[in-house]
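# Topology and contacts: notes
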Amino acid sequence: MESLGVLLLHPLDTYLEQELDRRCRLLRLWDAPLDRRGEFLLAHASSIRAVVTGGGSGAGGDAALIDALPRLEIIACYAVGFDRVDLTRCRERGVRVTNTPGVLTDDVADLAVGLAIAALRRIPHADRYVRAGLWKANNGHYGLTTQFSGKRVGIIGLGRIGLAIAKRVEGFGCPVSYYQRTRQQQAYPNYTYLPTVVQLAADSDVLVVACSLNEQSHGIVSCELIEALGPRGVLVNVGRGEHVDQPELVAALAEGRLGGAGLDVFEAEPDVPEALMALDNVVLAPHMGSGTRETRKAMADLVLANLEAHALSKPLLTPVV
Amino acid sequence: MTSSEPPVLPTLLMFRVRELRFHAELRERYHVLDFFTSGEPLHGFLAAAAADPDPPRALVTAGGDSVSVDAAFLDAVPSLRFVFSTGAGLDHIDLDECARRGVAVANSGTVYSTDVADHAVGMLVDVLRRVSAAERFVRRGLWPLQGDYPLGTKLGGKRVGIIGLGNIGSLMAKRLEAFGCVIHYNSRKPKESVSYRYFTTVHDLASESDVLVVACVLSKETHHVVNRDVLDALGKDGIVINIGRGLNIDEAELVSALAEGRIAGAGLDVFEKEPKVPAELFSMDNVVLTHHCAAFTKESRSDLRDATIGNLEAFFSGKPLLTPVLPR
């Protein structure tokens, strides 16, 4: 695919960038200053046939970008979430879209469970306590945390990641319930389906957001849901920041209306509200659900494989559109 | 005898520094003689207890901050027939002396096992995926300035070598298998009921593990069971998790191995001289440090209350103990 002109929207991964540079004709959008991006796109529009983008807040693939690239054929997402890509515009233009499902499932599920334990057992908080010298100073007056094993886990979205989370928490004796748009034809005899997300929250001690972001799931963690989850409930979000009414979440945590949270994603990454930073009942992670060396390489290889398949007119490996 | 006299409560010796909430319940059921609030030296306290009109037949003791229940102790309170230990360890009780005298002993059984296993798994995920370190990064406002946090490493396929496959080790193994970890172990003897790979020495276990977990009791044999040789066998990509006792690990060797990059990280709930933690660890991002809190949840405290009162009630009503250690 040496002649494939690829536009990388933002820095993602050194290995991916090096491979794109080596195997394609790579252009980096951030080589142009922010206020001259329009000119940059105009200057290179005739050679850009592919775009590579990530999954965080910096990701792109909106209508404006697509419209600025008349020769665009494919958008390859280095992420499983493709919510930033305007799929409608892609379909209209015949632009293919790929993502990186499967390879990151285990990592995201591992982190989701890790965040749940970290929130209930206050491990990062304890680590701060020890590093601040408070163990020595207080000599043991810390207080009791909450057991994780056996807690009722509710999962919003029982897709690949949701199922991987369910499998892990079963090892801790946690009963699993779930909600999703369509009740699966395949029965999960060990998991209880609940017809509304608020009912799921009411029946859960730990609620995990593991669904994709779309019109219906936007803001799914609402004021009503948070109230149903309650003062002893814990929210874990490994989906997207936009799944949550963030101001409401912050207020509920600060006021004790929600017990705790483990958050890997936020509304406007990489900005995390000061009000969240001030809280001790929340664990904050910098969108690192797929953040292992092994998985990021596998994701990069999948992006490259999809681009190569496209260049060779072969079937795409993981198409979305 | 007037009918308004309250029933005589059996006398109970209490050896525990920190008052737990359920101690109030113990005071309702028993005539409690509390050593640490008496302010008296041990010898005088025991003499007074032995001279009580209803000398104590039972004792509640914690580990750690308690005195030793040894021959001298038992001589001083000959009325004692039952010892209940609220801690996990029994090293402060001379079991042979108790057996010789027919003194029954019970402990808290498995009330802590689940929570310790959960905490250990939580620390393992934290070290491999850098949860606490990344949180510090976020809380210091570095995410907008420095971009993504450095990558961690995948759990799936990691070989977890568990030293001591007792209650806690077994619970950990079951949990970690669901994450795709491969379980290896060392124990005094191989366990026929498990399919995990057994290693006859801790050195061999370490040489074929990516994560080494200390989940054994502290004894003469397991003092510094993780030493320089074991750490070398574990290697530069290996991590250590300790939810046993600080003395299970040669702490100085562990600290220098971490400082020199000869192992990759550690999750430590226990230390040789608690609450003192080696200062070198505070500047390391590849370690997770907690304050010997793996056992302490509201749930295990509630279970401890049930176990304490349950065993005491069983003893005083002549019924079988719930979680006996002696008689075996």
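That block above? That's the structure.
Residues numbered from 1 in each chain as written. Chains lettered and ligands numbered in written order. Predicted model: local features only at pLDDT ≥ 70, side-chain atom pairs only at ≥ 80, totals over all residues. Heavy atoms only, no water.

Residue and element names in this part refer to chain A. With 19 residues, helix H13 (residues 293-311) should cover 27 Å at 1.5 Å per step; its first-to-last C-alpha distance of 27 Å lies within 8% of that length. The set of residues buried in H13 consists of Thr295, Arg296, Met299, Ala300, Leu302, Val303, Leu304, Asn306, Leu307, Ala309 and His310. Packing partners of the buried residues in H13 comprise helix H1 (14-23), strand S3 (50-53), strand S4 (74-77), strand S5 (96-98) and helix H5 (105-121). Remark: Ser313 follows H13 within two positions and exhibits a positive phi of approximately 55°. (Helix = DSSP H or I, 4+ residues; strand = E, 2+ residues; numbered from the N terminus. Expected span 1.5 Å × (residues − 1). Buried < 20%, exposed > 50% of the residue type's maximum accessible area, 1.4 Å probe, protein only. Contact = heavy atoms within 4.5 Å.)

With that out of the way, let us pick up the pairing of strand S11 (residues 265-268) of chain B. Residues and elements named next belong to chain B. Every second residue of S11 is oriented toward a common face, with Gly265 and Gly267 on one face and Ala266 and Leu268 on the other, all of them buried. Pairing of strand S10 (residues 239-242) with S11, which is carried by 4 bridges, proceeds in the parallel orientation. Across the sheet, the residue bridging to Asn242 is Leu268, located in S11. In this region the chain leaves S10, passes through helix H12 (residues 251-259) and returns to the parallel neighbour S11; the handedness of that crossover is right-handed. The pairing of S11 with strand S12 (residues 287-289) spans 3 bridges and is classified as parallel. (Pairing = 2+ DSSP bridges. Right-handed = clockwise from strand over helix to strand, strands pointing away.)

Attention shifts here to the environment of Gly219 of chain A. Residues and elements named next belong to chain A. Within the fold, Gly219 resides in the loop between strand S9 (206-209) and helix H10 (223-229). Of the residues examined, Gly219 reaches a relative accessible area of 26% and is grouped as partly exposed. In this structure, the C-alpha to C-alpha distance between Gly219 and Glu294, residues 75 residues apart in sequence, is 32 Å. If sequence neighbours within four positions are ignored, Gly219 has contacts with Glu242, His243 and Val244.

Moving on to the sheet that holds S11 of chain B. Across a sheet, paired strands are connected by hydrogen bonds in the backbone, their directions being either parallel or antiparallel. All names here are of chain B. Within the open sheet, the 7 strands sit side by side as S8-S7-S6-S9-S10-S11-S12. Their pairing is parallel. Each edge of the sheet is formed by a strand with only one pairing partner; in this case those strands are strand S8 (197-198) and S12. Both strand S6 (residues 159-163) and strand S9 (residues 211-214) contribute to a ladder of 4 bridges, which runs parallel. What sits directly across from Gly161, in S9, is Leu212. Here helix H9 (residues 167-177) sits on the sheet in contact with S6, strand S7 (182-186) and S9, set at roughly 170° to S6. (Axes fitted to C-alpha atoms, helices over the stretch in contact; angles between N-to-C directions.)

Okay, the environment of Val121 of chain B next. Structurally, Val121 of chain B can be placed in helix H6 (residues 113-129). Distance in space between the C-alpha atoms of Val121 of chain B and Val8 of chain B is 47 Å, their sequence separation being 113 residues. If near-sequence neighbours (up to four positions away) are discounted, Val121 of chain B is found in contact with Ile117 and Phe172 of chain A together with Met172, Arg175, Leu176 and Phe179 of chain B.

Residues and elements named next belong to chain A. Under the counting rule described, the total for this entry stands at 19 aromatic pairs over all chains. Aromatic pair Tyr178 and Tyr188: ring centres 6.2 Å apart, planes at 85°, arrangement edge-to-face. Residue Tyr178 is found in strand S7 (residues 176-179), and its partner Tyr188 is found in the loop between S7 and strand S8 (191-193); the two are separated by 10 residues along the sequence. As far as burial versus exposure is concerned, Tyr178 and Tyr188 are alike and both buried. (Phe/Tyr/Trp six-rings, centres within 6.5 Å; stacked < 30°, edge-to-face > 60°.)

In total, this model carries 44 salt bridges over all chains according to the counting rule given. As a salt-bridge pair, Lys154 of chain B and Asp106 of chain A come within 3.9 Å of each other at their nearest N and O atoms. Placement of the pair is Lys154 of chain B in the loop between helix H8 (143-146) and S6 and Asp106 of chain A in helix H5, with the two residues belonging to separate chains. Residue Asp106 of chain A is classed as partly exposed on the basis of its relative accessible area of 33%. Here Arg305 of chain B ties to Asp306 of chain B by a salt bridge, and the two come within 2.7 Å at their closest N and O atoms. Each of the salt bridges in this network shares a partner with another, and the network as a whole consists of Asp106, Asp107, Asp110 and Arg168 of chain A together with Arg129 and Lys154 of chain B. (Salt bridge = Lys/Arg side-chain N within 4 Å of Asp/Glu carboxyl O.)

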